[in-house]
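Examination of the molecular architecture
Take a look at the letters that make up each chain.
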Amino acid sequence: MPGYDTVAAEGQEPAPVKLLIAGGFGVGKTTLVETVSEIEPLRTEERLTSAGIGVDDLGGIEAKTATTVAMDFGRITLDDAGVVLYLFGTPGQERFWFMWDDLLNGALGAVVLVDTRRLDRSFPAVDFFESRGLPFVVGANCFHGEQAYTADEIRAALRLRDPGTPVLMLDARERGDVREVLLALLDTVITKARTAVS
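What to know about the pairing of strand β7 (residues 136-141)
Within β7, six of the six residues are buried, which leaves the element mostly enclosed by the surrounding structure. Side-chain alternation along β7 places Phe136, Val138 and Ala140 on one buried face and Val137, Gly139 and Asn141 on a second face that is also buried. As defined by bridge partners, strand β6 (residues 109-114) adjoins β7 across five bridges and the pair is classed as parallel. Pairing of Leu113 across the sheet is with Gly139, part of β7.

Pasting the structure below:
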């Protein structure tokens, strides 16, 4: 995939688009940003310590050793769409949710990444974007390449207000999967914008 310099050399300045990558603790947000970013991503990860005992729920993710404490940042240029995406990964733990409103400033849409083994950790992110009216898609991260549920089952379990909210399967470690989810989000953003104008 050609980068920003190639697009600029052809005289086409790509439009900047800010997107959020959100979800619960340990769903794969940092991995998603790292997988697709064309630049060295900014990470604000810190090691989990004994101070998090009783605060961070590691149920189902006991092997996790680090966590995002501010945000992740990456960039990807989509030449075919004529945009450069700036990806901001939100922190997942409840004690850092106060940062979400600041990260929301200027964002056009979001990917809510979910782990269906721990779906209850996804409700706050869904509620956040629904209450603020920001277009989003749900990305069901298929850990170990497996997904036990269909998109319709995940949509029903999340009780999405808009039945048209896309629910997509992906492996956050696979660049092609992440790119398809980001393109689906752009389609959703454009559709919502057109609906709002008409």
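Focus on the packing of aromatic side chains
Across all of its chains, the model carries four aromatic pairs by this definition. Between Phe129 and Phe136 the ring centres are 6.2 Å apart and the planes differ by 40°, which places this aromatic pair in the tilted class. Its relative accessible area of 6% is what places Phe136 among the buried residues. One residue, Lys18, lies across the ring of Phe88, its end atom 4.7 Å from the ring centre.

Some points on the confidence of the model for the protein
In the predicted model, the protein carries a mean pLDDT of 82, and 75% of its residues have values of at least 70. Predicted confidence in the protein is weakest over helix α1 (residues 4-9), with a mean pLDDT of 42, and strongest over β7, with 97. Long-range and interchain partners of residues 1-9, a stretch whose pLDDT sits below 50, account for 19 contacts in this model, where long-range means more than four residues apart. Of the regions scoring below 50 in pLDDT, residues 51-55 engages in one contact with residues more than four places distant in sequence or in other chains.

A look at the pattern of salt bridges
Under the defined criterion, the tally for this structure stands at eight salt bridges. Residue Arg118 is joined to Asp115 by a salt bridge in which the shortest nitrogen-to-oxygen separation is 3.2 Å. Arg118 sits in the buried class, given a relative accessible area of 5%. Classification of Asp115 by relative accessible area gives buried; the value is 1%. Of the charged contacts, one joins Arg155 and Asp152 as a salt bridge, the two residues approaching to 2.9 Å between their closest N and O atoms.

What to know about unusual backbone geometry
With a phi close to 55°, Arg159 is a non-glycine residue in the positive phi region. With respect to the helices and strands, the residue Arg159 is situated in the loop between α5 (151-158) and β8 (167-170). On the basis of relative accessibility, which here comes to 67%, the residue Arg159 falls in the exposed class.

Quick word on α5
The set of residues buried in α5 consists of Ile154, Arg155 and Leu158. In an axial view of α5, the angular spread of the buried residues amounts to 100°, which keeps them on one side of the axis. Opposite the packed face of α5, turned more than 90 degrees from it, sit the exposed residues Asp152 and Ala156. Where the residues of α5 are buried, they touch β6, α4 (123-132), β7 and β8. One or two positions beyond α5, positive phi appears at Arg159, with a value near 55°.

Brief notes about the side chain of Asn141
With respect to the helices and strands, the residue Asn141 is situated in strand β7. Residue Asn141 is classed as buried on the basis of its relative accessible area of 5%. At a separation of 3.1 Å, a polar atom in the side chain of Asn141 contacts the main-chain amide nitrogen of Ala172. Not counting the four nearest positions on each side in its chain, Asn141 is found in contact with Val27, Gly28, Leu113, Val114, Gln147, Leu170, Asp171 and Ala172.

A short note on the packing of helix α2 (residues 29-36) against helix α6 (residues 175-197)
Closest axis-to-axis distance for the α2/α6 pair is 9 Å, and the angle between their directions is 100°. As far as their axial angle goes, α6 and α2 are roughly perpendicular. From α2, Leu32, Thr35 and Val36 reach across to α6, where they touch Arg175, Val178 and Leu182. Here the residues of the contact of α2 with α6 sort into four nonpolar, one polar and one charged.

How each quantity is defined
Residues numbered from 1 in each chain as written. Predicted model: local features only at pLDDT ≥ 70, side-chain atom pairs only at ≥ 80, totals over all residues. Heavy atoms only, no water. Buried < 20%, exposed > 50% of the residue type's maximum accessible area, 1.4 Å probe, protein only. Helix = DSSP H or I, 4+ residues; strand = E, 2+ residues; numbered from the N terminus. Pairing = 2+ DSSP bridges. Phe/Tyr/Trp six-rings, centres within 6.5 Å; stacked < 30°, edge-to-face > 60°. Lys NZ or Arg CZ within 6 Å of the ring centre and 35° of its normal. pLDDT = per-residue confidence, 0-100. Contact = heavy atoms within 4.5 Å. Salt bridge = Lys/Arg side-chain N within 4 Å of Asp/Glu carboxyl O. Arc of directions from axis to C-beta. Polar contact = N/O pair within 3.5 Å; in protein donor to acceptor, adjacent residues only side chain to side chain. Axes fitted to C-alpha atoms, helices over the stretch in contact; angles between N-to-C directions. Parallel < 35°, antiparallel > 145°, perpendicular 65-115°, else oblique. Nonpolar A, V, L, I, M, F, W, Y, C, P; charged D, E, K, R; others polar.

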